[in-house]
Amino acid sequence: MLFLDDMQWMDAASLKLLEYILCDFELGRTMLIVGTYRNDEVDVENLLDNITTTTKKVPTPLLVGNFSLETVECFIADLLNEDRHHVQELAKIVHERVDGNVFVLVQFLSTLTQSGYLTYSLGAMKWQWDETEIRRGTVVATNVLEVLMSKKAGLAPDSKSIIQIAACLGSTFTEDIIYTVANGLTKELASIDNSVSDGLDGESSENRAISGIESLVADGLLEVIHAKRPGRILGFVHSQIELAAYNLIEGSRRRQLELQIARILQRNRSGINHTSILFTIVDLFNNGRDMISDSNETRLLIDLNLEAGNTALESSAFLASSAYFRSAISLIPEEDRWSKCPDLTLKLFNGLIKAEYSNGRWDRLREHIDEVLTQKNISTLEKVTVYS
């Protein structure tokens, strides 16, 4: 059996691989393929229709909706080791607050325990709660962001700082990267969110980062993916939590934080043992590029995008590769590209042409080739490289 999660993010290469598997006589006949996707994000059904047309295999759809009130009752009763009748009113409140969304439900229950609305009594050896207090002290939360916003007020400064850093780094990251950023962020954090100005300062920044990480893991926001030390790999327990944590930082402040993190990681890049650190640095720089005013740093970002584009190209990540090459080209003023830095521009266009060829974007490919061939500042021999 092959299980594919988050199919709404599948790229063209992954879809082609899926088509190949389904068309293979042996694999297609003996393998069960199960895929999940969010039908409210992209038109996955259209993509699946294309696969059906190509492979002549019709998938069996199974719609997974929100929990009913009855299911929420069973879930909470099992979780608290209580009879369904005893949790009936609590389940009704929870169902009203989260509309049966199972993921938001789990986070909402976690918030109830953190806020003291749901507590375990050692004397009574059971969970206790007050429905009136819960109804009075909570609001409807239909998405993870709303739950996380309510959680944020109860998070320690260390945890607030770490979850903001983690949200900028992506879905997975290593502890050593968090420590590196924590050590480099002191005054910058204060300018991003005054509530965390004392989050990671002083000589104990790494210890406080460790405390923040462990707190977020205990709260069910982060999880340990690879536990071997040193350099544990951590990640958000769900992409919706990552997105919610990212959205907690206001737009301009978010860009400022991302740029500061990019600078810190670039300065310490040689000491970070992480294969994807290049892409992390470049993505962060690209997100904060509008805040860069120094020409030397702009040139650094162009070179980093060129390196990332070539690395992605070698790894057959053609969509990402073309995006990096385009970002680098856009950083060079159009009037300067072929007049002041023709060698660099040619490298970028050669890489972009290779990526677009692999992506099958023929219109863009022709456009880029024509731009190179019409230039007067490069020789015929150099122009021929676009065909290599």
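Data block above holds the structure.
The residue numbers shown here count from 1 along each chain, following its written sequence. In keeping with the model being predicted, local features are shown solely for residues with a pLDDT of at least 70 and side-chain atom pairs are shown and tallied solely at 80 or more, while totals for entire chains, interfaces and linings include all residues. Side-chain figures throughout are based on the complete set of non-hydrogen atoms in the structure, without hydrogens or water.

Novice: Describe the overall build of the chain, naming the residues involved and giving the relevant values.
Specialist: For the chain, the helix and strand inventory stands at 20 helices and 7 strands. Burial classes follow relative accessibility: with a 1.4 Å probe on protein chains only, a residue under 20% of its type's maximum area counts as buried, one over 50% as exposed, and anything between as partly exposed. Residue burial in the chain is summarised as follows: out of 388 residues, 41% are buried. Surface summary for the chain: the accessible area is close to 21000 Å², and the carbon and sulfur share equals 51%. We count a stretch as a helix when DSSP gives it H or I for four or more residues in a row; a strand needs E for two or more, and each element gets its number in order from the N terminus. Surface exposure here means Shrake-Rupley accessible area, sampled with a 1.4 Å probe, where a residue is shielded only by the protein chains that are shown.

Novice: Just give me the short version of the layout of surface pockets, but keep the residues and values in it.
Specialist: Space left empty within the atom packing is revealed by a probe, the size of a water molecule, rolled over the atoms. Here the second largest pocket is characterised by a volume of approximately 550 Å³. A cavity here means a set of 1 Å grid points, computed over protein atoms only, where a 1.4 Å probe fits but cannot escape. A pocket is an open set with protein on both sides within 12 Å along at least 5 of 7 lines, and lining residues have an atom within 4 Å of a point. Surrounding the second largest pocket, 29 residues form its lining, Leu 169, Gly 170, Ser 171, Glu 242 and Asp 283 being those nearest its centre. In this classification, the charged set is Asp, Glu, Lys and Arg, the nonpolar set is Ala, Val, Leu, Ile, Met, Phe, Trp, Tyr, Cys and Pro, and all remaining amino acids, among them Gly, are polar. Here the residues of the lining of the second largest pocket sort into 14 nonpolar, 10 polar and 5 charged. Grid points are joined across faces, edges and corners, and a volume is the space filled by probe spheres set on the points.

Novice: Give a detailed account of the sheet that holds strand β5 (residues 172-174), specifying residues and quantitative values.
Specialist: Strand order in the open sheet made by the 3 strands is β5-β7-β6, with antiparallel pairing throughout. Edge positions in the sheet fall to β5 and β6 (222-226), since each has one partner strand and no second. Shown here is a sheet whose adjacent strand axes are inclined to one another by a mean of 35°, direction ignored. The sheet contact formed by β6 and strand β7 (residues 233-236) spans 4 bridges and is antiparallel. The residue of β7 that forms the bridge with Leu 222 is Phe 236. Residue contacts are counted whenever heavy atoms from the two residues lie within 4.5 Å of one another. Comment: axis = line fitted to C-alpha atoms, over the contacting stretch for helices; angle = value between 0 and 180 degrees taken between N-to-C directions. Each of β5 and β7 touches helix α10 (residues 175-184); the most contacted strand, β5, lies at about 75° to it. Should DSSP find at least two bridges between two strands, the strands are taken to pair.

Novice: Which residues make up the packing of aromatic side chains, and what values go with them?
Specialist: Side-chain rings of Phe, Tyr and Trp, where Trp is taken by its six-membered ring, are said to pair if the distance between their centres is within 6.5 Å; with planes under 30 degrees apart they count as stacked, over 60 as edge-to-face, and otherwise as tilted. Summed over the entire model, instances satisfying the criterion amount to 6 aromatic pairs. Arranged with centres 5.5 Å apart and planes meeting at 35°, the rings of Trp 338 and Phe 349 form a pair that is tilted. Residue Trp 338 is found in the loop between α17 (318-330) and α18 (342-359), and its partner Phe 349 is found in helix α18; the two are separated by 11 residues along the sequence. Trp 338 gets classed as buried once you look at its relative accessible area, which sits at 6%. Residue Phe 349 is classed as buried on the basis of its relative accessible area of 2%. Across from the ring centre of Tyr 246, 4.5 Å away, lies the NZ or CZ of Arg 254, which sits over that ring. Note on criteria: charge over ring means Lys NZ or Arg CZ within 6 Å of the ring centre, with the direction from the centre no more than 35 degrees off the ring normal.

Novice: Describe in detail the environment of Leu 344, supporting the description with residues and values.
Specialist: Following the sequence through the fold, Leu 344 ends up in helix α18. Look at Leu 344 and you get buried, because its relative accessible area is 9%. Leu 344 has contacts with Arg 299, Ile 302, Asp 303, Leu 306 and Ile 332, leaving out every residue within four places of it along the chain.

Novice: Account for the packing of helix α9 (residues 157-169) against α10, with residues named and values stated.
Specialist: One can describe the packing of α9 onto α10 by two numbers: an axis separation of 11 Å at closest approach and a directional angle of 120°. Two packed elements cross with a definite hand, and for α9 against α10 that hand is right-handed. Residues Ile 162, Ile 165, Ala 166 and Leu 169 of α9 lie in contact with α10, whose contacting residues are Ile 177, Ile 178 and Val 181. Each crossing gets its hand from how the near helix is turned against the far one by less than a right angle, where anticlockwise is left-handed and clockwise is right-handed.

Novice: Outline the nonpolar core, supporting the account with residue identities and numerical values.
Specialist: Formed by 64 residues in total, the largest nonpolar core has its most connected members in Leu 169, Ile 178, Phe 236, Ile 261, Leu 265 and Leu 348. In terms of residue count, α9 provides more of this core than any other element does, 7 residues in total. Among all residues touching Leu 265, those that are not within four sequence positions of it are Leu 169, Ile 177, Thr 180, Val 181, Ile 272, Ile 277, Thr 280, Ile 281 and Leu 284. Buried residues of nine kinds, namely Ala, Val, Leu, Ile, Met, Phe, Trp, Tyr and Cys, make up a nonpolar core once their side-chain atoms join them within 4.5 Å.

Novice: Just give me the short version of the side chain of Gln 375, but keep the residues and values in it.
Specialist: Within the secondary structure, Gln 375 is located in the loop between α19 (362-373) and α20 (380-383). Here a polar contact is recorded for every N or O atom pair within 3.5 Å, except that within protein the pair must consist of a potential hydrogen donor and a potential acceptor, and residues adjacent in sequence are included only if both atoms are side-chain atoms. A polar contact of 2.8 Å, which involves the side chain of Gln 375, links it to the backbone oxygen of Glu 371. Not counting residues within four places of it along the chain, the set of residues in contact with Gln 375 comprises Trp 338 and Lys 383.

Novice: Outline the pairing of β7, supporting the account with residue identities and numerical values.
Specialist: Alignment of β5 against β7, held across 3 bridges, turns out to be antiparallel. Bridge pairing in β7 places Phe 173 opposite Leu 234.

Novice: Give me the lowdown on a nonpolar patch on the surface, citing residues and values where you can.
Specialist: Together, Met 1, Phe 3 and Leu 32 make up an exposed nonpolar region whose accessible area comes to about 370 Å². Relative to the helices and strands, Phe 3 is located in strand β1 (residues 2-4). The class of Phe 3 is partly exposed, set by a relative accessible area of 45%. In this scheme, patches are assembled from residues that exceed 30% relative accessible area and form no salt bridge. Like charges are connected within 9 Å, while nonpolar side chains (Val, Leu, Ile, Met, Phe, Trp, Tyr) are connected within 5 Å. Within this document, salt bridges are pairs made up of a side-chain nitrogen of Lys or Arg and a carboxyl oxygen of Asp or Glu, the two lying within 4 Å of each other.

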